[in-house]
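If you want the building blocks of each chain, they are given just below.
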Amino acid sequence: MRTALVYHGEMTAARLLWEDPECEIERPERLTAALERLQQEGLERRCLQLAAREASEAELGLVHSPEYVSLLRGTSALGTEELRALSGQYDAVYFHPSTFHCARLAAGAALQLVDAVLTGAAHNGLALVRPPGHHSQRAAASGFCVFNNVALAAKHAQQRHGLHSVLYFSWHRYEHGRFWPYLRESDADAIGRGQGRGFTVNLPWNQVGMGNADYMAAFLHVLLPVAFEFDPELVLISAGFDSAIGDPEGQMQATPECFAHLTQLLQGLAGGRVCAVLEGGYHLESLSQSVCMVVKALLGDPAPPLSGPMVPQHSALESIQSARAAQAPHWTSLRQQGSAPILSSSTWSPEERPSPVSPGGPKFEAAEAQTSAVLSSLLDQLHLHPTPPVRTAVALTALDAALVLPPEVLLQEGSAPQEETQAWARLHKALAQDTAFIALGKVLHLLNGILDGQVSSGIATTPAIAVTLEVAILHGLSHRAQRVLCVAVGHLDRPPDLASDGRTLWLNIRGKEAAALSTFHVSVPLPGTTGGFLSCILALVLPLAYGFQPDLVLVVLGPAHGLQDPQAALLAALLRGPAGGRVLVLVEQESPSQLVGVLARVLHGEAPPSLGPFSMASPEDLQALIHLRGQLEAQWKMLQVAAPS
């Protein structure tokens, strides 16, 4: 899978030439720190490296006025005092004699990345650029931004490559309009105008300190339902890391690995055609680690498990509730999941600005200490638990000549020691039969590799799937895994002897009825439409999975599982996240080779195939989902889509 990295060293030329406390954080070291970390981690050499080109003035004209482009062109001939005077005419911007060249390189890098992805030269990629672009307007620089790089990329994709509609999603620090740039149209009820109504999705954060659970909840309950229904041909990410922990602008708490999870989730869209373009991010260590996490996700590496409790904050749930209520009239996927009343619009006043955290003050020093501790802990975890040498392995009882696997996927030949296999086979007579016994040895060998950190994920076939699953759960719990998530699809019953100690979460899809038999035993019928299936996965399976924070995920496609290959692939792809990529998929021995192949590809990091046209869930499936969530919300906070009253 080819990941493009678009960069040019000359983008570091522009810098602040006078004292300005507001602008000094946008500095060349943002790029050099990120690039150096990519090089140290060996990520740069794994990418298709492209030198950024300048965007032409005609290309800049796709979004910006000719007068504005001409004004920027003229800055290269201005002296320091003239540049300072011109900068003062805009909000939080500085100009330098190299600004026009740097900004054209930044815009050109975004266009170049889109070209590479849409022509098939790369599958996805990151444009490592400055100055950023997301605050730039048609005829005005703003907030460190000169040309609107991602808006230009979207226009370019439409005009040059024939792509069609654009869906815009933004989450941002808003604080009821009291945070810069104080725009009323950044609130949740600003949803676009005319034919574009519903194609602008705003999710305003009204307090600082939003963390991993808040960002994941926003993705699962707002962005992804709408995005899957929209079914884009390309995903453009304004990759702003001012939401990362330690950032002086955002003052949020998202840790670097969170950005790997978000990127991985977006790769389920548009056939994996994802273009990320660097925007903000002003804490150099947090920025550089976060950039590495995004590139790792684009390369298909498993994301490290999320840190911290997965409980969204009350304010985050209010924002999610408001965004869902504002968008529900325009998106079937949001209406499907039950509704909550829209909250009153935020009141705003620029005079009521939140006070910034001053460098050197006690609050700043406390925040820096916390950030350093979190980032050091993440690096320690990555050092103790490095990415396994084998990303995906397949264990088969018989080789099918029709099976096509990616070249890097390991076709496992080994088995567990005879004594170990015999010990587990004593649990059930069915496992003593020749083929089942051989399959069990292969499953145990693969599972040991996953739990020992030698293999990230795997697929195994077995003729005795129910009893092999029971062994896999018990073996996992006795061998390093503290918590095991089992997603059993088909006619499979929870093993009766499994302890009810909270270490196993059993989720059966295609159960006879929607039922929460306990906090850790959930059954739901398999929805019959794409919309129903997506709602089941995004609104039930993934919130439970992320809330449980498992060490191992078992996905089992049992008798009469009923999943089409694209559905099985999407389920496996999305479940790579919760346990840091440690996923074992068990399928029946007679499963088609095509199913095994597509599962191997998605576990290896490729994008799942499209589910096809979106169709609304049946009333019965909707009622089952709403019923289950109502039963489980009190225990599983990631299921919540509205703030408790």
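Here the residue numbering is sequential within each chain, running from 1 through the sequence in written order. In keeping with the model being predicted, local features are shown solely for residues with a pLDDT of at least 70 and side-chain atom pairs are shown and tallied solely at 80 or more, while totals for entire chains, interfaces and linings include all residues. With hydrogens and water excluded, all non-hydrogen atoms of the structure serve as input to the side-chain values.

Comments concerning the pattern of salt bridges
To be explicit about the condition: When a carboxyl oxygen of Asp or Glu is within 4 Å of a side-chain nitrogen of Lys or Arg, the pair counts as a salt bridge. Here a strand is any run of E in DSSP of at least two residues, a helix any run of H or I of at least four, and the numbering for each starts at the N terminus.
Scanning the model with the defined rule gives 14 salt bridges in all. Arg480 is the partner of Asp452 in a salt bridge, and the nearest nitrogen-oxygen pair spans 3.0 Å. Of this pair, Asp452 sits in the loop between helix H14 (434-451) and strand S10 (455-462) while Arg480 is found in the loop between helix H15 (465-478) and strand S11 (484-489), placing the two residues 28 residues apart along the sequence. In the salt-bridge network here, residues are joined through shared partners; they are Glu26, Arg30 and Arg130.

Focus on the sheet that holds strand S1 (residues 3-7)
What counts, and what does not: At least two DSSP bridges between two strands are required for those strands to pair. Each axis is a line fitted through C-alpha atoms, taken for helices only over the stretch in contact, and angles between the N-to-C directions span 0 to 180 degrees. The contact rule is simple, with two residues in contact once any of their heavy atoms fall within 4.5 Å.
An order of S2-S1-S3-S7-S6 is seen for the five strands of this open sheet, with the pairing classed as parallel. Looking at the sheet topology across the chains shown, the edges are occupied by strand S2 (48-51) and strand S6 (235-239). Adjacent strand axes in the sheet meet at a mean angle of 20°, parallel and antiparallel pairs treated alike. Alignment of S6 against strand S7 (residues 274-278), held across five bridges, turns out to be parallel. The partner of Ser238 across the bridge, within S7, is Val277. Here helix H5 (residues 99-118) sits on the sheet in contact with S1, S2, strand S3 (124-127), S6 and S7, set at roughly 175° to S3.

Some thoughts on the packing of aromatic side chains
What counts here: Note on aromatic contacts: the rings of Phe and Tyr and the six-membered ring of Trp form a pair at centre separations within 6.5 Å, being stacked when their planes are under 30 degrees apart, edge-to-face when over 60 apart, and tilted otherwise. Only protein chains enter the calculation, and the probe is 1.4 Å; a residue is then buried if its accessible area is under 20% of its type maximum, exposed if over 50%, and partly exposed in between.
Taken as a whole and assessed by the stated rule, the structure comprises 16 aromatic pairs. For the ring pair Phe169 and Trp171, a centre distance of 5.8 Å and an interplane angle of 70° mean the geometry is edge-to-face. Residues Trp171 and Tyr215 carry aromatic rings whose centres are separated by 4.7 Å and whose planes lie at 85° to one another, so their mutual orientation is edge-to-face. With a gap of 44 residues between them, Trp171 in strand S4 (residues 168-173) and Tyr215 in helix H7 (residues 212-230) connect regions that are remote in the sequence. Classification of Trp171 as partly exposed rests on a relative accessible area of 22%. Each member of the aromatic cluster is reached from another via a ring pair, and the members are Phe169, Trp171, Trp205, Tyr215 and Phe219.

Let's talk about the environment of Val394
For Val394, the location among the structural elements is in strand S8 (residues 390-395). Val394 sits in the buried class, given a relative accessible area of 0%. Between the C-alpha atoms of Val394 and Gln412, which are 18 residues apart in sequence, the distance is 5.7 Å. With residues up to four places along the chain from it excluded, the contact list for Val394 reads Leu405, Val409, Leu410, Leu411, Gln412, Ile459, Val596 and Ala600.

Description of the pairing of S2
Moving residue by residue along a regular strand, the side chains alternate between the two faces of the sheet. Convention followed: When the strands point away from the viewer and the connection leading from the first strand across the helix to the second strand turns clockwise, the crossover is called right-handed.
Across four bridges, S1 lies against S2 in parallel orientation. Across the sheet, the residue bridging to Leu5 is Gln49, located in S2. You can see the chain leave S1, run along helix H1 (residues 29-40) and come back into S2, and the turn it takes is right-handed.

Comments concerning the packing of H7 against helix H16 (residues 530-548)
Note the cut-off: Roughly parallel means an angle under 35 degrees; roughly antiparallel, over 145; roughly perpendicular, 65 to 115; everything else is oblique. Less than a right angle of anticlockwise turn of the near helix away from the far helix marks a crossing as left-handed, whereas a clockwise turn marks it as right-handed.
Where H7 meets H16, the closest approach of the two axes is 10 Å, and the angle between their N-to-C directions is 160°. The orientation of H7 relative to H16 falls into the category roughly antiparallel. Crossing geometry of H7 relative to H16 is assigned as right-handed. Contact residues: Met216, Leu220, His221, Leu224, Pro225 and Phe228 in H7; Leu534, Leu538, Ala539, Leu542, Pro543 and Tyr546 in H16.

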